[in-house]
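Now for the letters of each chain:
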Amino acid sequence: MRAMSLALILALAQTVPGQEDPLLARLDVRGKAGQVLMLWSLSRAEGQSTARARTLAAVRELGVGGIVLSLGPVADAVAWGDELQAAAAIPLLLAGDFESGCGFRLSGATDLGKAMLLGASGTASLVEEAARATAREARAFGFHWNFAPVLDVNVNPLNPIINVRSFGEDPAAVARLGIAYVRGLQAEGVLATAKHFPGHGDVASDSHLSMPTLSGDRARLDAVELLPFRAVAADVASVMTGHLAVPGLGEADDVPATLSLRISTEVLRGELGFRGLIVTDALDMGGVKGKHDPGEVAVRALLAGADVLLMPPDAARARDAIVAAVESGRIPRARLDDAVARVLRAKRNAKLFDAPARALPTWQAEISPAHRDLALAIARAGVTLVRDDAGLVPLPAGGKPTVLELFDSEDAAAQAARLSLALQAAASVRLHPESSARDVAAAADLLANAALPVVALHVRVREYSGRIGLPESFAPVVAALTRTPRAVVISFGNPYLLREFASVSTYLCAYETTASTERVVADVLSGRGAVTGRLPVSIPDVVARGAGESRWPTAAAPLTRTAPARHGVAADLGEQLRALLMTAIGERAFPGAVCLVARRGEIVAEVAAGRLTYASDAPPTTLSTRFDLASLTKVCATLPLTLRLIAQGKLSLDTKVSALLPEFRGPGKDHVSIHHLLTHSAGLPAYVQFFKTLRGKAEIVRAACEEGLRTEAGADTVYSDLGMILLMACLEKVGGVDFDALAAREVFVPLGMQATFASTGKPIEAAPTEECTFRGRVVSGEVHDENAFAMGGVSGHAGLFGTADDVARLGLAFLGGGGSFLPPALARAATRRADIVAGSTRALGWDTFTPGGAGGSLLHATAFGHTGFTGTSMWCDPSLDLCVVLLTNRVHPTRVNAKIQRVRRELHDLVVRALE
């Protein structure tokens, strides 16, 4: 041991509050050595009489400091924990490996979801809720210490032991979610454990079997592995060290972190400033137990800086070796006292000396319906539709799928629910590694011939297995799947399995097999539920981190409201929006406004501000106020109606305008298609004041047909109202009824847009717009656009009135893959840049994001949106699963007012900054 390192240990020992604990002073060396030992015991009572007798003897004779209980019914764990406490002279710290809730180790308790499922939700509030629920159950059962959260950054797809136990591959996200977990667990009185220091994510072997080496230089380790641990070091109660060689931290490549003074003390305590308990990973694991004699391992771990020696393979030898090392002077007494002081301090913080340490008499009540509901909410937020190129989610109506489920063990196959029953499968097969070759071959044939195959993969992290892939016996099925690209594959475990059949069209990740994830997957495939997760890891050469598509239930239903924090949004977003809008109103950017923000399909903020006019006695703007949507008509009526007719086979993007409107003729016009009209690349002029000389829809459509092209089709992008007037006429020709009636039938009713109208008759109730010189009055309840007014009140470019709620429904339909309204591929294609004209930002109807434009500067490149001349806008970001609607009447009393431009930019940036 280096003198400087020993001095560091002793210096750090002096910083531990409570080290003068009176109990510490009464303990002899043997008693102190016992307190740093923590043993493991099965919770299950059946067949464990001999093992339990040995454990009770260790508690009585060795005076161990704690016990880890695992695997068995909750009732058995409660009874056994109470019995152990009754046998202990000093109350025991009872610990559990409850990474995904107490149900992870104790049957009957709540399984809330693996870390990667939570990582896919991206929501710290859900992580904190999960930790709180876990802590409430654990405390009720008599536990005080949870060996979670896992803060390993899983950047290695071949990692066989971390995988879905990690929040993901982004160190900052792992840190953020880890902080939330620690906060939630410890707020409910349970010690949290950050593990496995200094980071177990970038290895390809299992430390249960051998010692992996974590590669990378110090700069890399600081940026990736150490970042989450550094983030929680000041607050987390304990840190678990891993059996890893980490040469980049200045240690020899044959010394595991568990036995390294350099890593456990100089880096963790000295550099990161950690002052809590250091607990080793299990000392019976292959990564450390073969290095030295079990007693020597215990001595070296204590010398390295560990305070709790977890699961030594021979507790008596470990205790005796520690006593001998102290008495010989090899272990300074101050080092042992330091470790025991921390253990006793943890016990006092857990209030183990205040009353008999027992489970609560009402422990059963803590396994509550609220916790089961939380598990379902986590599954709904985390299950991820990684891709759906064939538009198979939800499953096509009318056909029954063939369901094939592959399990990595026979016991897993027996425990999982039957997805085939939930999906009303036409046929179903279950395979596990013990299935016969004949059964596997038959399943491969069934898959190859299925019209609608659904393949569920149940591959879990298993310690001591050394692998996390599909069993080799399933090779015929995998081969058949690679030849069947139009299939739905669900991973109820390892997300990286997609690499084995990278061409498959549809891939969902549920990250684990639980009742909640199976229910969510069944609901999503049946069109009854939503899917909103985003992949928290990249799958090399296949998809990037953050991939994911959203889907909503296919039936139109009222938009749901939820607390902003549930979707990773600042709780005060509403107040921030109100302040921004009121400032803008004070600056006379507009008299009134409504802003609605939806994330993951639910409204998280909605604000109405100002009045309908600047008059002090004008009616206030409300959430139900209708606004003249102006050019939002293009994307709220004209575009979706066009796509509906395309989906019905009545129209195509390549249909020529002249084929539907014979009067549209002249040089170059034979080449103009529906595609050109939607992308504003038809070569038409931007605007003509038809209203000055013409009246009626027929006259203006005829005049628009007669306008000559300014450029040839596809040569340039010019945002054109004329193109939308012509598109409206084309849609009426195909649909056989007036545009407003057709839009109501095909768009508004299916989407539940109940407050959306066109002002084709008498004025409707709406926010007033301009003092119009053309009409000689304040325009209120009738379309502001003069050409649309001259056409009878509505056109393809303007004329729609609606509420923020209704506009959001349309945006969410596109964000959610179309639902039953549009095929997913068509909805997705509409929001991507069309690339007809090089450099154009135009998609089909929509515009796409340009930094510094109406959508601000912080949305993603995948964002799409539109604005309206009257002061309206909607922007949607698929990467953030975000929809922002802003409706104002900024043209009141005059259109000579461009202040809305700044407000739009600031508002969208404010919303993005409010996200986690």
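One can find the structure itself at the top, above this paragraph.
None of these values were measured; they are calculated from a predicted model.

Thresholds, definitions, all that
- Starting afresh in each chain, residues are numbered from 1 along the sequence in its written order.
- Only residues with pLDDT of 70 or above have their local features reported here, since the model is predicted, and side-chain atom pairs are shown and tallied only from 80 upward, although totals for entire chains, interfaces and linings are computed over all residues.
- Remark: hydrogens and water are excluded; side-chain values derive from all non-hydrogen atoms of the structure.
- Aromatic pairs are defined between Phe, Tyr and Trp rings, using the six-membered ring for Trp, whenever the two ring centres lie within 6.5 Å; interplanar angles under 30 degrees are classed as stacked, those over 60 as edge-to-face, and all others as tilted.
- Only DSSP runs of H or I with at least four residues qualify as helices, and only runs of E with at least two residues qualify as strands; both kinds are numbered from the N terminus onward.
- Whether a residue is buried, partly exposed or exposed follows from its accessible area with a 1.4 Å probe, protein chains only, as a fraction of its type maximum: under 20%, in between, or over 50%, in that order.
- Here a salt bridge means any side-chain nitrogen of Lys or Arg lying within 4 Å of a carboxyl oxygen belonging to Asp or Glu.
- Angles run from 0 to 180 degrees between N-to-C directions of axes, and those axes are lines fitted to C-alpha atoms, restricted for helices to the stretch in contact.
- It is the rotation of the near helix from the far one that decides the hand of a crossing: anticlockwise by less than a right angle makes it left-handed, clockwise makes it right-handed.
- Note on contacts: a residue pair qualifies if any of its non-hydrogen atoms lie within 4.5 Å across the two residues.
- Any angle that is under 35 degrees is reported as roughly parallel, and any over 145 degrees as roughly antiparallel; angles of 65 to 115 degrees are reported as roughly perpendicular and all others as oblique.
- Each residue gets one label: Ala, Val, Leu, Ile, Met, Phe, Trp, Tyr, Cys and Pro are nonpolar, Asp, Glu, Lys and Arg are charged, and the others, such as Gly, are polar.
- Two strands are counted as paired when DSSP detects at least two bridges linking them.

1. Focus: the packing of aromatic side chains
Here is step 1 of the chain: According to the stated counting rule, one finds 8 aromatic pairs in the structure shown.
Here is step 2 of the chain: With a centroid separation of 5.0 Å and 75° between ring planes, the pair formed by Phe 98 and Phe 143 is classed as edge-to-face. Within this pair, whereas Phe 98 is found in the loop between β4 (93-96) and β5 (106-107), its partner Phe 143 is found in the loop between α7 (124-141) and β6 (145-146), the two being separated by 45 residues in sequence. The residues Phe 98 and Phe 143 share a single accessibility class, namely buried.
Here is step 3 of the chain: Aromatic pair Phe 141 and Trp 363: ring centres 5.9 Å apart, planes at 85°, arrangement edge-to-face. A residue pair is termed long-range when its members are at least 10 positions apart, and Phe 141 in helix α7 and Trp 363 in the loop between α15 (333-349) and α16 (369-382) qualify at 222 residues.
Here is step 4 of the chain: Phe 141 sits in the buried class, given a relative accessible area of 1%.
Here is step 5 of the chain: Judged by its relative accessible area of 14%, Trp 363 is buried.

2. Some remarks on the pattern of salt bridges
Here is step 1 of the chain: All chains considered together, the criterion is met by 54 salt bridges.
Here is step 2 of the chain: Note that Arg 262 is salt-bridged to Glu 271, the shortest N-O span being 3.4 Å.
Here is step 3 of the chain: Of the residues examined, Glu 271 reaches a relative accessible area of 35% and is grouped as partly exposed.
Here is step 4 of the chain: One salt bridge connects Arg 430 with Glu 405, and the closest N-O pair in it is separated by 3.6 Å. With Arg 430 in strand β13 (residues 427-431) and Glu 405 in strand β12 (residues 402-407), this pair connects stretches of sequence that are 25 residues apart.

3. What to know about the packing of helix α4 (residues 49-62) against helix α5 (residues 74-87)
Here is step 1 of the chain: α5 packs onto α4 with a crossing angle of 35° between their chain directions and a minimal axis gap of 9 Å. For the pair α4 and α5, the sense of crossing is right-handed. Residue-level inspection shows Arg 52, Thr 55, Leu 56, Val 59 and Arg 60 of α4 in contact with α5, the latter providing Asp 76, Trp 80, Glu 83, Leu 84 and Ala 87.

4. Here's the deal with unusual backbone geometry
Here is step 1 of the chain: Following Ala 148, the chain continues into Pro 149 via a peptide bond in cis, with omega recorded as 15°.
Here is step 2 of the chain: Turning to its location among the elements, Pro 149 is positioned in the loop between β6 and α8 (171-187).
Here is step 3 of the chain: The omega torsion across His 892 and Pro 893 is 0°, close enough to zero to call that bond cis.
Here is step 4 of the chain: Following the sequence through the fold, Pro 893 ends up in the loop between β27 (882-888) and α32 (900-913).
Here is step 5 of the chain: Positioned with a positive phi, Arg 600 is a non-glycine residue whose angle comes to about 55°.
Here is step 6 of the chain: Mapping Arg 600 onto the fold places it in the loop between β17 (592-599) and β18 (602-610).
Here is step 7 of the chain: Phi at Asp 881 is positive, roughly 50°, even though this residue is not glycine.
Here is step 8 of the chain: Counting through the fold element by element, Asp 881 comes out in the loop between β26 (872-877) and β27.

5. Focus: the packing of helix α27 (residues 721-735) against helix α28 (residues 739-751)
Here is step 1 of the chain: In the contact formed by α27 and α28, the axes pass within 9 Å of each other and the chain directions differ by 70°. In terms of axis orientation, α27 runs roughly perpendicular to α28. Contacts from Met 728, Leu 731, Glu 732 and Gly 735 of α27 reach α28 at Phe 739, Leu 742 and Arg 745.
Here is step 2 of the chain: By residue class, the composition of the contact of α27 with α28 is 4 nonpolar, 1 polar and 2 charged.

6. As for the sheet that holds β27
Sheet strands pair by backbone hydrogen bonding; their relative direction is either parallel or antiparallel.
Here is step 1 of the chain: If you trace the 6 strands from one edge of the open sheet to the other, you get β18-β17-β27-β26-β25-β24, paired in antiparallel fashion. Each of the sheet's edge strands pairs with one partner strand only, and the pair in question is β18 and β24 (847-848).
Here is step 2 of the chain: Inspection of the sheet shows β26 paired to β27 by 6 bridges, in the antiparallel sense. Bridging across to β27, Trp 875 finds its partner in Val 884.
Here is step 3 of the chain: Docked against the sheet, helix α22 (residues 573-586) engages β17, β18 and β27, running at close to 30° with respect to β18.
Here is step 4 of the chain: Together, β17, β18, β25 (864-868), β26 and β27 form the strand contacts of helix α30 (residues 804-815), whose direction differs from that of β27 by roughly 150°.

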